[in-house]
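Geometric and topological summary
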Amino acid sequence: MVAAALLSVCLWLTGCDRLLEIWSVVDHDHFTLQEKIDAFFQAVDAQDADAIKALFSPNVLREDTDLDETIERLFVFYPGPTEDCYMESSPGSSRHIGPQRMASTHSWFPVISNGVNYYCYISLTYRDDADPDNIGLENLILVSEKVRCSEEFWTNGGWKDCDVGLTVVEDAPGDYLTCRIGDTPYIYTPVDRVLTQEDILTFLETDDRWEHFLERFGEPNAASPYGKVYYYELPDEDGEKRFAYLSIRSAGEGRPEEERKIDTVVLEDGRSSHTLAVLWKNETEDD
């Protein structure tokens, strides 16, 4: 016990500065990227092409020969005004430490204009000792919610193949509805039902089987393409969307899939990346 306590103290003493450095980097990148996001959408709302171009690095301005035409398409696709372009999630970062330092940051985030959801990717280099002409925006991609939900952009990561500079994608193949849950877009399936938190919790008092839940309440309104996560639409509260997020526990090795159990039920809205509440958590052990 004493040895464990001493080890913890040593780890804390040696790692504290590193933790503070990481937190400082995340905060700095978030603030720096949000400044550029705000400046970009202010310029778009003002239909100021010169202000938009000034945000990109000199190297990108030389390479993106279609930038003027893309800006014109942007003004048609996204007329503004911008209601919300706040980035809640922590951005990604890249750093090269040495005699010549480089630092960049990037993130996807949602945007709202006239009640319509858009999604934006931004990549920014804010330090490059080897080539200062790299400083500025490298990529900015603005897409509709339908595009962000498409197989090419979400499942296949097609957005990674976009050229440097400004990219605008208005539409994608297919006929499907979409919705925003938290700060993430999903393909949405309307279902003729009214399902409440109380309905879900009452069911879970006696049964935690996912197959039985499906039989009782029907198919979900949305699902994550990455894992066993499903969303059920709940009645609005004060005009705000509400969804029940259900994560499903694996049946376990050698067991039939119909034995999967509901693991957690979380309350989410149609705007914030933070969950509103944990409604239920499965405390039982698998047999």
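Residues numbered from 1 in each chain as written. Predicted model: local features only at pLDDT ≥ 70, side-chain atom pairs only at ≥ 80, totals over all residues. Heavy atoms only, no water.

Considerations on the sheet that holds strand β9 (residues 222-223)
Our working rule: Strand pairing is defined by DSSP finding a minimum of two bridges between the two strands. A run of H or I in DSSP becomes a helix once it reaches four residues, and a run of E becomes a strand once it reaches two; helices and strands are each numbered from the N terminus. Note on contacts: a residue pair qualifies if any of its non-hydrogen atoms lie within 4.5 Å across the two residues. Inter-axis angles, ranging from 0 to 180 degrees, are taken between N-to-C directions of lines fitted to C-alpha atoms, where helices are fitted over the stretch in contact.
Here five strands make up an open sheet; going across it, the order is β9-β10-β11-β12-β13 and the pairing antiparallel. Because the sheet does not close on itself, it has two edges, and the strands there are β9 and β13 (277-281). Alignment of strand β10 (residues 229-237) against strand β11 (residues 240-249), held across seven bridges, turns out to be antiparallel. Counterpart to Y231 in the pairing with β11 is Y245. In the packing of helix α8 (residues 210-217) onto the sheet, contacts are made with β10, β11 and β12 (261-269), and the angle to β10 comes to roughly 40°.

A short note on the environment of D68
Heads up, the rule is: By the criterion applied in these results, polar contacts are pairs of N or O atoms within 3.5 Å in which, for protein atoms, one can donate a hydrogen and the other can accept it, and in which residues neighboring in sequence qualify only through two side-chain atoms.
Positionally, D68 belongs in helix α4 (residues 67-77). It is 7.7 Å that separates the C-alpha atoms of D68 and A49, two residues lying 19 residues apart in sequence. Reaching out from D68, the side chain makes a polar contact with the side chain of K53 at a distance of 3.0 Å.

Some points on the pattern of salt bridges
This is how the line gets drawn: Salt bridge, as used here: a side-chain nitrogen of Lys or Arg that lies within 4 Å of a carboxyl oxygen of Asp or Glu. Think of it in three bands: with a 1.4 Å probe and only protein chains considered, a residue is buried below 20% of the maximum accessible area for its type, exposed above 50%, and partly exposed in between.
Following the criterion strictly, the structure yields eleven salt bridges and no others. In this structure, E170 and R73 form a salt bridge, with 3.0 Å as the shortest nitrogen-oxygen distance. Remark: R73 occurs in helix α4 and E170 occurs in the loop between β6 (165-169) and β7 (177-181); sequence separation between them is 97 residues. Across the pair K241 and E233 runs a salt bridge whose closest N-O atoms are separated by 3.3 Å. Looking at K241, the relative accessible area reads 39%, which means it is partly exposed. Each of D50, K53 and D68 takes part in a single network of salt bridges with overlapping partners.

Remarks on the environment of F75
Among the secondary structure elements, F75 is positioned in helix α4. Looking at F75, the relative accessible area reads 10%, which means it is buried. Each C-alpha atom of the pair F75 and D45 lies 8.5 Å from the other, and the pair is 30 residues apart in sequence. Beyond its immediate sequence surroundings of up to four residues, F75 is in contact with V44, Q47, D48, A49 and I52.

Comments concerning the packing of helix α7 (residues 197-204) against α8
Put simply, the test is: Comment on the angle field: the value is read as roughly parallel under 35 degrees, roughly antiparallel over 145, roughly perpendicular from 65 to 115, and oblique elsewhere. Two helices crossing with the near one rotated counterclockwise from the far one by less than a right angle form a left-handed crossing, whereas a clockwise rotation gives a right-handed crossing. Throughout this entry, Asp, Glu, Lys and Arg are counted as charged residues, while Ala, Val, Leu, Ile, Met, Phe, Trp, Tyr, Cys and Pro are counted as nonpolar. The remaining residues, Gly among them, count as polar.
Two elements in contact, α7 and α8, have axes whose closest approach is 11 Å; the angle formed by their N-to-C orientations is 135°. When the interaxial angle is binned, α7 and α8 end up oblique. The crossing of α7 and α8 is right-handed. Where α7 approaches α8, its residues D199, I200 and F203 are matched on the opposing element by H212, F213, R216 and F217. Looking at side-chain class alone, the contact of α7 with α8 contains four nonpolar, one polar and two charged residues.

Let's talk about α7
Keep this limit in mind: The directions from the helix axis to the C-beta atoms are what the arc is built from.
Within α7, the full set of buried residues consists of Q197, I200, F203 and L204. Taken down its axis, α7 places every buried residue within 135° of arc, on the same side. Looking at the packing, one finds that the buried side of α7 touches α8, β10, β11, β12 and β13.

A word on the side chain of E145
Mapped onto the elements of the fold, E145 is located in helix α5 (residues 145-149). Every residue in contact with E145, bar those within four places of it in the chain, is listed here: N117, Y119, T178, C179, R180 and P185.

Looking at the pairing of β12
Of all the nine residues making up β12, eight are buried; the element is thus mostly covered by neighbouring parts of the structure. Across eight bridges, the pairing between β11 and β12 is antiparallel. Paired with R242 across the bridge in β12 is D269. Here four bridges tie β12 to β13, and the two strands are oriented antiparallel to one another. The residue of β13 that forms the bridge with L267 is A277.

Overview of the confidence of the model for the protein
What counts here: As a per-residue measure, pLDDT reflects the predictor's confidence and takes values from 0 up to 100.
This prediction gives the protein a mean pLDDT of 84; 79% of its residues lie at or above 70. Considering only residues more than four positions removed or in separate chains, one finds that residues 1-26, a stretch of pLDDT under 50, has five contacts.

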